[in-house]
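Here is how the chains run, residue by residue.
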Amino acid sequence: MADLNGTVALITGAGSGVGRATALRLAREGAGVGLLGRRPGPLEATAAEARQLGGRAVVLPADVADDAAVEAAVARLVRELGGLDVLVYSAGVGLYGPVERYARADWDRTFATNVTGLFLCARAVLPHLRQRGGGSIIAISSGAGRRGYANLAAYSASKFAVIGFMESLAEEVGPDGIKCSTILPGTILTDFGPTSAEQKRTSGAKYLLPEDVADAILFLLTRPAQAWVQQLNLWPF
Ligand SMILES: NC(=O)c1ccc[n+]([C@@H]2O[C@H](COP(=O)([O-])OP(=O)(O)OC[C@H]3O[C@@H](n4cnc5c(N)ncnc54)[C@H](OP(=O)(O)O)[C@@H]3O)[C@@H](O)[C@H]2O)c1
């Protein structure tokens, strides 16, 4: 068992998929978890499971693109759990379609959720990580953050942006003991994007489980102090 006792993690997108699996994995290892997402219902469900596993959990309903809501959620988490060591940024949307017919509103929402939210959450947690003398920021990009795919232009551009942001942040805050890592997963069996988990399961294509990504996050968080994994490509096999 990895010892995350005393560690506090803020996890965005914690009501479903990768965020939920990560919250439960970290809670099982002894971490306190702050669960951020827009819908309180799924966050409450994750919190109940995390508490059953012995972890402390705080439900933080917020939109990642809302500066004030993000700041308030981080402040509340620090107040209730006594500090903050880790940000796992898993919130995201996958709105697919051909560029010629792509709505401006979908473009804006893609960037607000996948990129601006990451910036706002990172900015809000950094002072608290510094206060602890270091910490980790882990973002979920995608295989589509390395190469483009037809009908995924907005999504792919946003996930390229995640990588650029995280590479820059790593240079900025690495010297202060804050490890910035990005995971680039292939297809994961969740309801993300236009296809349901069930459609993915029955499509014949290979997929990862959300727990595989949670395991990778635990791996990143448990490297010894002198080791830093900057990027991790995680493919179905
Ligand atoms: N599934 C895949 O095949 C796949 C592959 C590669 C990368 N990824 C990436 O993995 C990450 C997790 O996706 P997933 O598969 O776990 O999908 P998911 O189950 O749909 O999770 C996305 C989460 O983001 C939250 N969210 C969306 N917009 C938000 C907002 N404005 N503010 C706060 N929370 C918001 C959602 O909760 P609310 O709706 O309640 O806010 C939801 O819990 C995403 O970044 C995705 O791009 C997924």
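Computed from a predicted structure; not experimentally measured.

Caption draft 1: Layout of the overall build of the chain. When you go through the chain residue by residue, the secondary structure sums to seven helices and seven strands. Counting helices and strands in the order they occur from the N terminus, the chain gives β-α-β-α-β-α-β-α-β-α-β-α-α-β. Relative to the 2.2 N^0.38 estimate, which gives 18 Å for 237 residues, the radius of gyration of the chain is 17 Å and therefore close to what a compact globule would have. Across its three principal directions, the C-alpha atoms of the chain cover 50 × 35 × 35 Å.

Caption draft 2: Geometry of the site of the ligand. What surrounds the ligand is a group of 25 residues, the closest being Ser16, Arg38, Arg39, Tyr155 and Thr190. Note that an oxygen atom of the ligand is positioned 3.4 Å from one of the backbone N or O atoms of Gly13. Taking Tyr155, its side chain carries an N or O atom lying 2.7 Å from an oxygen atom of the ligand. For the ligand, whose free accessible area comes to 880 Å², the fraction covered by protein is 92%. Mapped by element, the contributors of at least two residues to the shell around the ligand are helix H1 (17-28) and helix H5 (153-173).

Caption draft 3: Highlighting the sheet that holds strand S3 (residues 57-61). Pairing in this open sheet of seven strands is parallel, and the strands run S3-S2-S1-S4-S5-S6-S7 from one edge to the other. At either end of the open sheet lies a strand with only one pairing partner, and these are S3 and strand S7 (231-234). Sheet twist, expressed as the mean angle between neighbouring strand axes with direction ignored, is 15 degrees. Bridge analysis of strand S1 (residues 8-12) against strand S2 (residues 32-37) gives five bridges, and the strand direction is parallel. Paired with Leu10 across the two strands is Gly34, which belongs to S2. Running over the sheet, H1 touches S1, S2, strand S4 (86-89) and strand S5 (135-140) and is turned about 165 degrees from S1.

Caption draft 4: Up close: the nonpolar core. Judged by nonpolar contacts, the single largest core of 33 residues is most densely connected at Leu10, Leu84 and Ile137. For this core, the secondary structure elements donating two or more residues are S1, S3, helix H3 (67-81), S4, helix H4 (104-131), S5, H5 and strand S6 (178-185). The element that contributes the greatest number of residues to this core is H4, accounting for seven residues. Not counting residues up to four positions away in its chain, the partners in contact with Leu10 are Gly34, Leu36, Leu60, Val74, Leu77, Leu84, Val86, Leu87, Val88 and Val125. Counting 32 residues, the second largest nonpolar core, distinct from the first, contains Ala9, Ala14, Val33 and Leu35.

Caption draft 5: View of helix H2 (residues 40-52). End to end, H2 covers 18 Å across 13 residues, agreeing with the expected 18 Å (1.5 Å per residue, within 8%). Burial in H2 covers these residues: Leu43, Thr46, Ala47 and Ala50. All buried residues of H2 project into a common sector of 105 degrees when viewed along the axis, lining one side. Where H2 is buried, its residues touch H1, S2 and S3.

Caption draft 6: Molecular detail of the packing of H1 against H2. Running from N to C, H1 and H2 cross one another at 20 degrees; their axes reach a closest spacing of 9 Å. In this view, H1 runs roughly parallel relative to H2, as classed from their interaxial angle. As for how H1 packs across H2, the hand of that crossing is right-handed. Side by side, H1 and H2 meet where Arg20, Ala23, Leu24 and Ala27 of the first sit next to Thr46, Glu49 and Ala50 of the second. Grouping the constituent residues of the contact of H1 with H2 by class yields four nonpolar, one polar and two charged.

Calculation rules
- Residues numbered from 1 in each chain as written.
- Predicted model: local features only at pLDDT ≥ 70, side-chain atom pairs only at ≥ 80, totals over all residues.
- Heavy atoms only, no water.
- Helix = DSSP H or I, 4+ residues; strand = E, 2+ residues; numbered from the N terminus.
- Rg over C-alpha atoms; globule rule 2.2 N^0.38 Å.
- Near = heavy atom within 4 Å.
- Polar contact = N/O pair within 3.5 Å; in protein donor to acceptor, adjacent residues only side chain to side chain.
- Areas by Shrake-Rupley, 256 points an atom, 1.4 Å probe, with all protein chains shown as cover.
- Pairing = 2+ DSSP bridges.
- Axes fitted to C-alpha atoms, helices over the stretch in contact; angles between N-to-C directions.
- Contact = heavy atoms within 4.5 Å.
- Core = buried A, V, L, I, M, F, W, Y, C linked by side-chain atoms within 4.5 Å.
- Buried < 20%, exposed > 50% of the residue type's maximum accessible area, 1.4 Å probe, protein only.
- Expected span 1.5 Å × (residues − 1).
- Arc of directions from axis to C-beta.
- Parallel < 35°, antiparallel > 145°, perpendicular 65-115°, else oblique.
- Left-handed = near helix turned anticlockwise from the far one by under 90°.
- Nonpolar A, V, L, I, M, F, W, Y, C, P; charged D, E, K, R; others polar.

These values are about where atoms sit, not about what they do.
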